[in-house]
Amino acid sequence: MSSMTAANAPAGTATKRVPAPYWNPYLAGFGLGLVLLAAYLIAGRGLGATGAFSSVAAWLANLISPEHAQASAVHARYLESGSPATAWLVWLLAGSFIGAGVSGYMAGRTSLTIERGPSITDNQRLVLALVGGIIAGVGAKIARGCTSGQALTGAAVLNAGSLVFMGAVFVAGYAVAWLFARKEWL
Amino acid sequence: MFPLSSTMELTQATTLGLALVIGLGFGFFLEKAGFGSTRKLAAVFYFYDMAVVKVMFTAIVTAMAGIFILSSAGALDFAELYIEPSNYPAAIIGGIVFGVGFIVGGYCPGTSLAAAATGKIDGWVFIAGIFIGSYAYAEFLSGFDTWLAASARPDVTLPSLTGIPMGWFVLLFIGFLALAGWGMSLAEKKFAGLRP
């Protein structure tokens, strides 16, 4: 912790310190690759972030109305594999949350903030984050996986569908970024 | 010998404990790479900071090379690995929808978790969105999901499609990473002015 920054910080932010720089991307990528490799070696499958949400969603639907939950093939599929408390993906996600929290805290990057582009307001950012989250959630379900479960995990074993997914994500991302989202981020 | 899940009898507690440990590493490196920052993630679409693609490609090539080497050496049984069945229309439609959500929301599911873990309120809101999206999919698109599961083809990989052994693809991807790394460093210089 640098004493200089504490002295310069405005009132109320005395605990803030200058965040450590992010790692070299190739080094961080190598580390991430080893974690992915470890997942394959230990569990026989890669990583995933979206499945845990479906597991919890199914559990919640079942809590509200078991008949209603069984009526959806998706809820039923996740209910069949048991409670979220014993789901591999839920524990993986819990670990990710803790791991990221520890890393961020150690690097001085933890603070209650809303991060956004310079040309929009906090409220606009939160609305866009919610809408984007809903869209990404639906997209990940259609594709049976997200950037973790499809792109990273699938590409590492040269899964053709995963590579097609990754291509589609970037094509759509770049198109929307340049056609519609410049005000949001630049 | 590997994967342990098919060569050893792991108790549920051990399996879930291992999931937690793997998750710890996953979250740690995601955060260290800068994936907990929405502007770092969005930057990749405007070329001024390509770290996200560098990290992703390096991770893919690292894991791919490790899987290839270990399975060639006989330490890993590739046939025991879970390969998500391929369904190209679903991959394309889902990829497009997901890509739109990514740039609009500024995160993907894993990275929103890293953001939330470091206090980003927009990360928490994005997580709420994924939950709503997953729930809505189960409620309204379960018929589509049944079609999807029925029409996906198992074990479609580039080696199985082309007959070219995995090792050549590993070399190709390493070469591509080197070339892309060089291209990305040029792009970052060219688009440096876009950095807000």
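Conventions adopted
Residues numbered from 1 in each chain as written. Chains lettered and ligands numbered in written order. Predicted model: local features only at pLDDT ≥ 70, side-chain atom pairs only at ≥ 80, totals over all residues. Heavy atoms only, no water. Helix = DSSP H or I, 4+ residues; strand = E, 2+ residues; numbered from the N terminus. Buried < 20%, exposed > 50% of the residue type's maximum accessible area, 1.4 Å probe, protein only. Contact = heavy atoms within 4.5 Å. Domains from an automatic or database assignment. Buried area = accessible area lost by both parts, 1.4 Å probe. Salt bridge = Lys/Arg side-chain N within 4 Å of Asp/Glu carboxyl O. Polar contact = N/O pair within 3.5 Å; in protein donor to acceptor, adjacent residues only side chain to side chain. Nonpolar A, V, L, I, M, F, W, Y, C, P; charged D, E, K, R; others polar.

Engineer: Teacher, can you tell me more about the overall build of chain B here?
Structural biologist: Secondary structure assignment for chain B yields 10 helices and 0 strands. With the C-alpha coordinates aligned to their principal axes, the bounding extent of chain B is approximately 50 × 45 × 35 Å. For chain B, with 196 residues in total, the buried portion stands at 56%. Partitioning the contacts of chain B with sequence separation of at least 6, the portion at a separation of at least 24 is 61%.

Engineer: Is there a simple way to think about the domain arrangement of chain A in this case?
Structural biologist: Interfaces are often sized by the amount of accessible area the parts lose when they come together. Residue and element names in this part refer to chain A. For chain A, the assigned domains read domain 1 (25-111) and domain 2 (115-186). The gap between the C-alpha centroids of domain 1 and domain 2 is 18 Å. Of the residues lining the interface, 11 residues belong to domain 1; the matching set on domain 2 comes to 12 residues. Taken together, both faces of the contact between domain 1 and domain 2 bury some 810 Å²; the carbon and sulfur share is 62%.

Engineer: Help me out: how do you make sense of the pattern of salt bridges in this one?
Structural biologist: One side chain can pair with another of opposite charge once the charged atoms of both are near each other. Under the counting rule described, the total for this entry stands at 8 salt bridges over all chains. The closest approach of N and O atoms between B:K120 and A:E115, which form a salt bridge, is 3.9 Å. Within this pair, whereas B:K120 is found in the loop between α6 (109-117) and α7 (121-140), its partner A:E115 is found in the loop between α6 (88-106) and α7 (122-142), the two belonging to separate chains. A relative accessible area of 16% means that A:E115 is categorised as buried. Note that A:R144 is salt-bridged to B:D145, the shortest N-O span being 3.0 Å. Within this pair, whereas A:R144 is found in the loop between α7 and α8 (147-156), its partner B:D145 is found in helix α8 (residues 142-151), the two belonging to separate chains. You can call B:D145 buried: its relative accessible area is 3%. Members of the salt-bridge network, linked through shared partners, are A:R77, A:R144 and B:D145.

Engineer: What is the right way to look at the domain arrangement of chain B in this model?
Structural biologist: Residues and elements named next belong to chain B. Taken domain by domain, chain B consists of domain 1 (1-32) and domain 2 (34-194). Between the C-alpha centres of domain 1 and domain 2 there is a distance of 20 Å. Taken residue by residue, the interface counts 7 residues in domain 1 and 10 residues in domain 2. Here domain 1 and domain 2 share an interface that buries about 720 Å² over both sides, 65% of which is from carbon and sulfur atoms. On the domain 1 side of the contact with domain 2, F2, L30 and E31 bury the most area, a combined 63% of that side's loss. Taken together, the links from domain 1 to domain 2 amount to 0 salt bridges. One can count 7 residue pairs in polar contact (both at pLDDT 80 or more) joining domain 1 with domain 2. Per-element accounting of the side of domain 1 that touches domain 2 gives the leading share, 3 residues, to helix α2 (residues 12-33). When its residues are assigned to classes, the side of domain 1 that touches domain 2 shows 4 nonpolar, 1 polar and 2 charged.

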